[in-house]
Amino acid sequence: MNWLNSEAFVLFDQHIIWSDMVGNLFGLAALALGWRRSIWTWPVQFLSGLILFGAFFGHLTGSAGKQVVVIVVALYGWWQWNRSRSQSKDGHIAPRFATWRERAAMVGAAAVGTVAVALLFKAYPHLSWDPWPDAYIFVGTVVAMYAQARGMVEFWFAWLLVDLVGVPLNFANGFAFSGFVYVIYGALVLWGMRDWWLRSRRSSQPVLEGAPA
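In this text the structure is predicted, and so the values were computed from the model without any measurement.

Here is what the cut-offs are and how they apply
- The residue numbers shown here count from 1 along each chain, following its written sequence.
- Only residues with pLDDT of at least 70 are given local features in this predicted model, and only at 80 or more are side-chain atom pairs given and counted; all residues enter the totals for whole chains, interfaces and linings.
- Think of the side-chain values as coming from all heavy atoms in the structure, minus any hydrogens and water.
- Helix and strand assignments come from DSSP, with helices taken as H or I runs of at least 4 residues and strands as E runs of at least 2, each series counted from the N terminus.
- A pair is scored as a salt bridge if a Lys or Arg side-chain nitrogen falls within 4 Å of a carboxyl oxygen belonging to Asp or Glu.
- Each residue is assigned to one of three classes by its accessible area relative to the maximum for its type, calculated with a 1.4 Å probe on protein chains only: buried under 20%, partly exposed between the two thresholds, exposed over 50%.
- Each Phe, Tyr or Trp ring, with Trp reduced to its six-membered ring, pairs with another whose centre is within 6.5 Å; inter-plane angles below 30 degrees give stacked pairs, above 60 give edge-to-face pairs, and intermediate values give tilted ones.
- As used here, the term nonpolar core means buried Ala, Val, Leu, Ile, Met, Phe, Trp, Tyr and Cys residues forming a set that is joined through side-chain atoms within 4.5 Å.
- Contact between two residues is taken to exist if any of their heavy atoms lie within 4.5 Å; hydrogens are not considered.
- Axis lines are fitted to C-alpha atoms, over the contacting stretch for helices. Their N-to-C directions set the angle, which ranges from 0 to 180 degrees.
- Two helices that cross are described as forming a left-handed crossing if the nearer one is turned anticlockwise from the farther one by less than a right angle, and a right-handed crossing if clockwise.
- Three classes are used: nonpolar for Ala, Val, Leu, Ile, Met, Phe, Trp, Tyr, Cys and Pro, charged for Asp, Glu, Lys and Arg, and polar for all others, with Gly counted as polar.
- Helix span, expected: 1.5 Å multiplied by one less than the number of residues in the helix.
- Roughly parallel here means an angle under 35 degrees, roughly antiparallel means over 145, roughly perpendicular means 65 to 115, and every remaining angle is called oblique.
- Patch membership needs two things, relative accessible area over 30% and no salt bridge, and members are linked within 9 Å if like-charged or within 5 Å if nonpolar (Val, Leu, Ile, Met, Phe, Trp, Tyr).
- In short, Shrake-Rupley with a 1.4 Å probe defines the accessible areas, and a residue's cover is counted only from the protein chains shown.

A look at the overall build of the chain
Okay, so step 1: A count of helical and extended segments in the chain gives 7 helices and 2 strands.
Okay, so step 2: In sequence order, the secondary structure elements of the chain are arranged as β-β-α-α-α-α-α-α-α.

Observations regarding the pattern of salt bridges
Okay, so step 1: Evaluation of the coordinates by the stated rule reveals 2 salt bridges.
Okay, so step 2: Among the ionic pairs, glutamate 102 bridges to arginine 96, the shortest N-O distance being 3.0 Å.
Okay, so step 3: Residue classification places arginine 96 among the buried residues on the basis of a relative accessible area of 3%.

Comments concerning the packing of aromatic side chains
Okay, so step 1: This model, assessed by the stated rule, comprises 10 aromatic pairs.
Okay, so step 2: Here tyrosine 76 and tryptophan 79 contribute two aromatic rings whose centre-to-centre distance is 6.0 Å and whose plane-to-plane angle is 40 degrees, an arrangement assigned as tilted. One end of the pair, tyrosine 76, and the other, tryptophan 79, are both in helix α3 (residues 61–84), 3 residues apart, so they sit about a helical turn from each other.
Okay, so step 3: On the accessibility criterion, tryptophan 79 (49% relative accessible area) is partly exposed.
Okay, so step 4: Taking the centre distance of 5.8 Å and the plane angle of 85 degrees together, the rings of tryptophan 156 and tryptophan 196 count as edge-to-face.

Describing unusual backbone geometry
Okay, so step 1: Residue arginine 37 is not a glycine yet carries a positive backbone phi of 60 degrees.
Okay, so step 2: With respect to the helices and strands, arginine 37 occurs in the loop between α1 (18–35) and α2 (41–56).

Let's talk about the nonpolar core
Okay, so step 1: One finds Trp42, Trp156 and Trp159 to be the most contacted residues of the largest nonpolar core, which totals 32 residues.
Okay, so step 2: Secondary-structure elements contributing two or more residues to this core are α1, α3, α5 (131–149), α6 (154–172) and α7 (176–202).
Okay, so step 3: Top element by residues in this core is α7. It accounts for 7 residues.
Okay, so step 4: Those residues in contact with tryptophan 156 that lie beyond four places of it in its chain are Leu31, Gly34, Trp35, Leu188, Val189, Gly192, Met193 and Trp196.
Okay, so step 5: In terms of nonpolar packing, the next biggest core, distinct from the first, is built from 5 residues, Val117, Ala118, Phe121 and Val139 among them.

A word on the packing of helix α4 (residues 100–123) against α5
Okay, so step 1: Here α4 crosses α5 at 145 degrees, and the two axes come no closer than 8 Å. Crossing geometry of α4 relative to α5 is assigned as right-handed. Contacts between α4 and α5 involve Met106, Ala109, Ala110, Gly113, Thr114, Val115, Val117, Ala118, Phe121 and Lys122 from the former and Pro131, Trp132, Asp134, Ala135, Tyr136, Phe138, Val139, Val143, Tyr146 and Ala147 from the latter.
Okay, so step 2: Grouping the amino acids of the contact of α4 with α5 by side-chain chemistry returns 16 nonpolar, 2 polar and 2 charged.

A word on the environment of tryptophan 35
Okay, so step 1: Within the secondary structure layout, tryptophan 35 lies in helix α1.
Okay, so step 2: By relative accessible area, tryptophan 35 is classed as partly exposed at 21%.
Okay, so step 3: Between the C-alpha atoms of tryptophan 35 and aspartate 195, which are 160 residues apart in sequence, the distance is 7.5 Å.
Okay, so step 4: Residues in contact with tryptophan 35, not counting those within four places in the same chain, are Trp156, Leu188, Trp191, Gly192, Asp195 and Trp196.

What about α4?
Okay, so step 1: An ideal rise of 1.5 Å per residue puts 34 Å on 24 residues; α4 measures up with 34 Å between its terminal C-alpha atoms.
Okay, so step 2: Those residues of α4 that fall on the buried side of the exposure criterion are Met106, Gly113, Thr114, Val117, Ala118 and Phe121.

What about the packing of α5 against α6?
Okay, so step 1: For the pair α5 and α6, interaxial distance at closest approach is 9 Å and the crossing angle is 155 degrees. The pairing of α5 with α6 is recorded here as roughly antiparallel in orientation. For the crossing formed where α5 meets α6, the hand is left-handed. Contacts between α5 and α6 involve Pro133, Asp134, Tyr136, Ile137, Gly140, Thr141, Ala144, Met145, Ala147 and Gln148 from the first element and Phe155, Ala158, Trp159, Leu161, Val162, Val165, Gly166 and Leu169 from the second.
Okay, so step 2: Partitioned by chemical class, the residues of the contact of α5 with α6 number 13 nonpolar, 4 polar and 1 charged.

Some words on a nonpolar patch on the surface
Okay, so step 1: Where nonpolar side chains cluster on the molecular surface, the patch consists of Val115, Leu119 and Trp132 and spans about 280 Å² of accessible area.
Okay, so step 2: Counting through the fold element by element, valine 115 comes out in helix α4.

Here it is, written out as structure tokens:
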């Protein structure tokens, strides 16, 4: 597996690593599948997280930790979408907007979690070269993927907020392909957000048992 961390090619003076490139291509495919509400988004995200963990481990601790979260939540998302997609008329998960209580809970969890993880990284400097961005990416990813697993339109907004920090961080640390791909992510996120937004307006069925329409 050493070849995954070797250089694939050089683009615009940026050294592209195999694991960085392959993992992000899987991530791009997973995002497109998520836009289409395909349950296969989760196995693809699992593979992306596994490969990118190998790329970031030992260099970007927060980003590597984020991939562990991707792997765990991908398993949860697969189970959750299998459970709830039967409630949609077309056999796919039915997008919905989060309630104000859910939004407040996610924002609060993101704020408290970011501070807690950043303080952990500061207490153990070997875990992160820059605690606050690493913590922000780590916790933001947890929130975004949880919202996706629950079928909330807000997951697209959460990914945009994560990308605002993730893109420059990837470029600054030599993961140029991640940076380039996240620019494409941005476009897909906007289109996916629009699609889920419109579908949530048309749907009269709740995504999950007990969830509001």
